[in-house]
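Chain by chain, the residues:
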Amino acid sequence: MVWLAPSDPFDADLMEAPVVGIASRLMQHDSGWHRHGRGQLLFAYSGSIRITLPGAISILPPIRVAWIPPQTLHRVRIRSEVEYRSIYLDQTRIASPFHGCAIVTMTPLLREVFERISFQPFQTDWSQGAARNMLAVCMDELRAAPHEPMLLPVPSDPRLARLDPEELPPDLETLAHNVGASTRTITRIFRRETGMTYQTWRQSWRLLRAVDLLACGQSATSGAFDLGFASDSAFVPFFRQIPGLTPARHRAGSRPPHHTPAV
């Protein structure tokens with residue numbers, strides 16, 4: 001069985017097959033910090049997933065797929081309801097598709113193959129036949145998929161410990177006042193630890209949050225309000241400027257086709 005209920009016990013590291021795929025649905029979930037012996041491909045079939053890594057945060061909507069290398073400490077959080085797919089690869093037998101953590105575009109072909117692999121029985125023989133071909137196509141599509149700038153580095157400086165990644169970051173002057181440092185010091189810290197100015201980092205955070213809100217079904221008007229925009233007319237150009245999509249197109253791309261889980 002590959003469709004897992006939230007209460008079903010599962011540990012990919014205990015499986016014998018080099019490839020293990022699962023599908024499930026979770027609501028209001030927090031995995032806590034953990035790691036796997038296998039590499040993990042994670043895809044939100046519907047809804048969005050928050051991923052936290054040491055020194056970075058990300059949002060995974062249904063148009064992206066994440067690669068988490070073996071033994072990488074990470075945390076997965078879900079605010080509402082998410083249907084997801086996950087493929088675990090034994091890196092001693094299957095070559096890694098990427099060097100380090102990565103988030104790439106979920107292409108139409110990759111989506112179809114990913115779905116097939118996620119529902120394959122645990123005892124599938126991946127060394128021959130259709131299973132071997134599917135895996136080869138999946139790996140080829142992953143390596144060819146465009147990388148997305150969806151991993152946002154988070155500064156580790158203790159002076160910024162009050163900066164909560166879950167809340168809208170304040171403007172630079174307010175942050176400097178809150179932490180008791182000058183705006184110049186804050187800017188220097190962000191340039192050193194994230195490679196960007198605080199203003200750029202804050203805009204990138206707002207983009208990730210916008211992706212999260214829209215993937216969860218919120219309107220552009222509601223998203224604009226939550227992210228501190230004066231109006232949705234100001235929010236739409238901001239959203240479109242970075243990913244090349246309007247909120248309406250993003251929601252259309254995030255909406256999955258009708259699907260009935262296999263059991």
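Fair warning: this is a prediction, and the values are worked out from it, not measured in the lab.

About the thresholds
Each chain has its residues counted from 1, following the order in which its sequence is written. Under the rules for a predicted model, residues below a pLDDT of 70 receive no local features and side-chain atom pairs below 80 are neither given nor counted, while totals for whole chains, interfaces and linings still include all residues. To get the side-chain values, take all heavy atoms of the structure and skip hydrogens and water. Working definition of a nonpolar core: buried Ala, Val, Leu, Ile, Met, Phe, Trp, Tyr and Cys residues. They are joined through side-chain atoms within 4.5 Å. Relative accessibility under 20% of the residue-type maximum defines a buried residue, over 50% an exposed one, and the middle range a partly exposed one, all with a 1.4 Å probe and only protein chains included. Numbering of helices and strands starts at the N terminus; helices are DSSP runs of H or I of at least 4 residues and strands are runs of E of at least 2. Here, residues are in contact when the closest pair of their heavy atoms is within 4.5 Å. Each cavity reported here is a set of points on a 1 Å grid over the protein atoms alone in which a 1.4 Å probe fits but cannot get out, each pocket an open set with protein on both sides within 12 Å along at least five of seven lines, and each lining residue one with an atom within 4 Å of a point. Grid points are joined across faces, edges and corners, and a volume is the space filled by probe spheres set on the points. A side-chain nitrogen of Lys or Arg and a carboxyl oxygen of Asp or Glu constitute a salt bridge if their distance falls within 4 Å. Two strands qualify as a pair provided DSSP detects at least 2 bridges between them.

Q: Break down the nonpolar core for me, citing the residues and quoting the values.
A: Among the nonpolar cores identified, the biggest contains 43 residues, and Ile49, Leu175, Ile186, Phe190, Tyr198 and Trp201 are the most heavily contacted of them. Sorting the residues of this core by element identifies strand 2 (19–30), strand 3 (39–46), strand 4 (49–53), strand 5 (56–60), strand 7 (75–89), helix 3 (172–179), helix 4 (183–194) and helix 5 (198–215) as the ones contributing at least two each. Among the elements that take part in this core, helix 5 stands out by supplying eight residues, more than any other. The contact partners of Ile49, leaving out residues within four places of it in the chain, are Leu42, Ala44, Ser58, Ile59, Leu60, Val76, Arg77, Ile78, Val82 and Tyr84. Of all hydrophobic cores here, the second largest spans 26 residues; its members include Ile87, Leu89, Ile94 and Ile117.

Q: Can you lay out the layout of surface pockets for me, pointing to particular residues and giving the numbers?
A: Its volume calculated, the largest pocket comes out at about 480 Å³. What lines the largest pocket is a set of 25 residues, and nearest its centre among them are Phe10, Ile22, His29, Tyr84 and Tyr88. Mapped onto the lining of the largest pocket, the elements with two or more residues apiece are strand 2, strand 3 and strand 7. Considering every element that reaches the lining of the largest pocket, the biggest residue donor is strand 7, with five residues.

Q: Provide a residue-level description of the pattern of salt bridges, including the pertinent values.
A: Enumeration over the complete set of coordinates arrives at ten salt bridges. One salt bridge connects Glu83 with Arg85, and the closest N-O pair in it is separated by 2.7 Å. As far as the burial class goes, Glu83 and Arg85 line up, both buried. The partner of Glu115 in a salt bridge is Arg85, and the shortest N-O contact between them spans 2.8 Å. With Glu115 in helix 1 (residues 108–118) and Arg85 in strand 7, the pair connects residues that are 30 residues apart, well separated along the chain. Note on Arg85: relative accessible area 0%, which makes it buried. Through salt bridges with shared partners, a single network forms among Arg25, Glu81, Glu83, Arg85 and Glu115.

Q: Just give me the short version of the pairing of strand 5, but keep the residues and values in it.
A: Summarising burial for strand 5: five of the five residues are buried, a large majority. Of the two faces of strand 5, the one carrying Ala56, Ser58 and Leu60 and the one carrying Ile57 and Ile59 are both buried. As paired elements, strand 4 and strand 5 share five bridges and run antiparallel to each other. What sits directly across from Ile51, in strand 5, is Ser58. Summarising the sheet, strand 5 and strand 9 (residues 151–153) pair through three bridges and their orientation is antiparallel. Bridge assignment links Ala56 to a residue of strand 9, and that residue is Pro153.

Q: A description of the environment of Gly37 should follow, citing residues and the corresponding values.
A: Looking at the element boundaries, Gly37 is found in the loop between strand 2 and strand 3. Take Gly37: its relative accessible area is 35%, and that puts it in the partly exposed class. It is 9.1 Å that separates the C-alpha atoms of Gly37 and Leu89, two residues lying 52 residues apart in sequence. Excluding its chain neighbours within four sequence positions, the residues that come into contact with Gly37 are Asp13, Pro70 and Gln71.

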